[in-house]
Amino acid sequence: EDQVTQSPEALRLQEGESSSLNCSYTVSGLRGLFWYRQDPGKGPEFLFTLYSAGEEKEKERLKATLTKKESFLHITAPKPEDSATYLCAVHSWNSGGSNYKLTFGKGTLLTVNP
Amino acid sequence: DSGVTQTPKHLITATGQRVTLRCSPRSGDLSVYWYQQSLDQGLQFLIQYYNGEERAKGNILERFSAQQFPDLHSELNLSSLELGDSALYFCASSFSPGPSRPTEAFFGQGTRLTVV
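Everything in this summary refers to the structure shown in the same document. (Residues numbered from 1 in each chain as written. Chains lettered and ligands numbered in written order. Predicted model: local features only at pLDDT ≥ 70, side-chain atom pairs only at ≥ 80, totals over all residues. Heavy atoms only, no water.)

**Re the pattern of salt bridges**
Piece 1. Per the counting criterion, the structure on display carries 7 salt bridges over all chains.
Piece 2. A salt bridge links K63 of chain A to E56 of chain A, with the nearest nitrogen and oxygen atoms 3.4 Å apart.
Piece 3. Note on K63 of chain A: relative accessible area 28%, which makes it partly exposed.
Piece 4. Exposure remark for E56 of chain A: the relative accessible area of 47% places this residue in the partly exposed category.
Piece 5. In this structure, R63 of chain B engages E82 of chain B in a salt bridge whose closest nitrogen and oxygen atoms are separated by 3.7 Å. In this pair, R63 of chain B is assigned in the loop between strand 6 (53-57) and strand 7 (64-68) and E82 of chain B in the loop between strand 8 (74-78) and strand 9 (87-94), connecting sequence segments 19 residues apart. (Salt bridge = Lys/Arg side-chain N within 4 Å of Asp/Glu carboxyl O. Buried < 20%, exposed > 50% of the residue type's maximum accessible area, 1.4 Å probe, protein only. Helix = DSSP H or I, 4+ residues; strand = E, 2+ residues; numbered from the N terminus.)

**Quick look at the sheet that holds strand 1 (residues 5-7) of chain B**
Residue and element names in this part refer to chain B.
Piece 1. One open sheet accounts for 4 strands, arranged 1-3-8-7; its pairing is antiparallel. Each edge of the open sheet carries a strand with a single partner, namely strand 1 and strand 7. Neighbour to neighbour, the strand axes of the sheet diverge by 15° on average, direction disregarded.
Piece 2. Here strand 7 pairs with strand 8 via 5 bridges, running antiparallel. In the strand pairing of strand 8, S65 is matched with N77. (Pairing = 2+ DSSP bridges. Axes fitted to C-alpha atoms, helices over the stretch in contact; angles between N-to-C directions.)

**Re the sheet that holds strand 6 (residues 56-59) of chain A**
Residues and elements named next belong to chain A.
Piece 1. Pairing in this open sheet of 5 strands is antiparallel, and the strands run 1-3-8-7-6 from one edge to the other. Here the strands that pair on one side only, and so sit at the sheet edges, are strand 1 (3-7) and strand 6. Ignoring which end each strand starts from, the neighbouring axes of this sheet average 15° apart.
Piece 2. Relative to strand 8 (residues 70-75), strand 7 (residues 62-66) is paired through 5 bridges, and the arrangement is antiparallel. Bridging across to strand 8, L62 finds its partner in I75.

Put into C-alpha cells, the structure is as follows:
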C-alpha cells in the first residue's frame, strides 16, 4: 500500500531561522509529487509539482527538491506569515490496471515566531 | 481563489440523516477528487472521477456515494450519518490526473459537516 510520511509532525522556528521539512514515500509507480500549504479551516493551496529525481522548484522563501525516496521543502529565512501546515502528496499509478490516486501525508505544522 | 467551488460551506444535521455536498471544478478540469479531513486525521482520499467516470476509490464507506455529471460538477452523498462523520470534506479538481505527468489538483474551501 502506498505510504507517505512527513517529518517532523510539528516545527517551531524563529523568524529568519532556516530549516527543512521531509516527505518520504513508498509508492508503486510514482508519477508526481506535490507540495501544498494549508491554513486552519481552509483548503490546501498548491505550491509545487516535482516529477523526477533531481528536480528542484523554488518560490520566494520555499524550495522543493526530490530524490527517489523522499522530498524536502526548504524554508529560507521564514517569516511569521509562513506559519501553516505543509502537506506532501504523491500521485501514483497502478500499472496493473487503470487505478491511480493522490495520497497525502499528515503534514508538518510549521510555526514561525517573530 | 482556486476556482473550485464547494457548497454549502457549513452543514449541521442530525444522526441518521442524508446530505449532499456539491463541487464545481475549475473551468477546463476534467478530474474531481473528494477528501475527508477530520481533526486528528490527514486528508483521507475518498473517490475520484474523470470526465464522468469513476477512476479510483479510497476508503469510502458504503453509506457514501458520489457522481460526476455531464457538466463535470460532482456531488458527494452521505447517508445514515453518524457522529464520526463530522469532518471537513474537500473537493479538488485537476486537468490531467495521469498516468504520465499528472497536473496539480486545486482544492475548494471545503464543506464543514457537523453531525449532532
